[in-house]
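Structural overview for review
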Amino acid sequence: DYDLREMTSILAAAPGSVSEISFNTRGGGHTVFVKHTDGYLTVYSHLKEVKVEKRQIVKRGDMIGYSGSDRGGYPHLHFQVDKPPTPRNSSVQYPVDPYRSLVPPLGSSFSLWTKNNDPQYPIT
């Protein structure tokens, strides 16, 4: 979770496609799921407003929405990176630490942070 002022712009961490948008009626706000070409998934939760649509293609830095708050009432963003399933465990994605420089490997199409934090976009 990242403490942010309410209505702070939330930007896509990496290029991908919006795979799902949900709303938690118990006070969790909106959640946006972005699927990436290498199977990783980024999750943006507790949004007050969503500015993307399902199946929309986003580039790193594109607007996802605005931060909001959960039942606790303090404004923040829950940001999560899920690693794709492995052949050994073909149905389960699991969270990874987005600050680890080796996850994903530098130079992959889904590099969250690259050398000098230069954004990467898929070659089309």
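Residues numbered from 1 in each chain as written. Predicted model: local features only at pLDDT ≥ 70, side-chain atom pairs only at ≥ 80, totals over all residues. Heavy atoms only, no water.

Now for the environment of V52. Relative to the elements of secondary structure, V52 occurs in the loop between β5 (41-50) and β6 (57-58). Considering only alpha carbons, one finds V52 and G65, 13 residues apart in sequence, at a separation of 7.2 Å. (Helix = DSSP H or I, 4+ residues; strand = E, 2+ residues; numbered from the N terminus.)

Turning to the pairing of strand β8 (residues 75-83), a few remarks are in order. Remember that side chains alternate between the two faces of the sheet whenever the strand is regular. Pairing between strand β1 (residues 2-3) and β8: two bridges, direction antiparallel. Looking at β8, one finds that D3 is bridged to H76. Bridge count for β5 against β8 is five bridges, and the pairing is antiparallel. If you follow T42 over to β8, its bridge partner there is V81. When strand β7 (residues 63-69) meets β8, the two strands line up antiparallel, connected through two bridges. Bridged to G68 within β8 is H76. Hairpin connection, β7 to β8: the antiparallel pair is bridged by five residues, and G73 has positive phi, about 90°. (Pairing = 2+ DSSP bridges.)

Within soluble globular proteins, side chains that are nonpolar tend to cluster in buried spots. In this structure, V32, V34, Y44, L47 and I64 are the most contacted members of the largest nonpolar core, which totals 15 residues. It is β8 that provides the largest number of residues to this core, a total of three residues. Ignoring anything within four residues of it in the chain, the contact list for V34 reads G16, S17, V18, S19, Y40, L41, T42, Y44, V58 and I64. (Core = buried A, V, L, I, M, F, W, Y, C linked by side-chain atoms within 4.5 Å. Buried < 20%, exposed > 50% of the residue type's maximum accessible area, 1.4 Å probe, protein only. Contact = heavy atoms within 4.5 Å.)

Applying the stated rule across the entire model yields one aromatic pair. Judged by centre distance (5.3 Å) and plane angle (50°), the rings of Y44 and F79 are tilted. Remark: F79 occurs in strand β8 and Y44 occurs in strand β5; sequence separation between them is 35 residues. F79 matches Y44 in its accessibility class, with the two residues each being buried. (Phe/Tyr/Trp six-rings, centres within 6.5 Å; stacked < 30°, edge-to-face > 60°.)

This brings us to the pairing of strand β3 (residues 16-24). Relative to β6, β3 is paired through two bridges, and the arrangement is antiparallel. When the bridges of β6 are listed, G16 appears paired with V58. Taken together, the seven bridges between β3 and strand β4 (residues 29-35) define a ladder with antiparallel strand orientation. Each bridged residue has a counterpart across the sheet, and for S17 the counterpart in β4 is K35.

Residue M7 is not a glycine yet carries a positive backbone phi of 70°. Looking at the secondary structure, you find M7 in the loop between β1 and β2 (9-11). Despite not being glycine, H46 shows a phi value in the positive range, around 70°. Inspection of the secondary structure puts H46 in strand β5.

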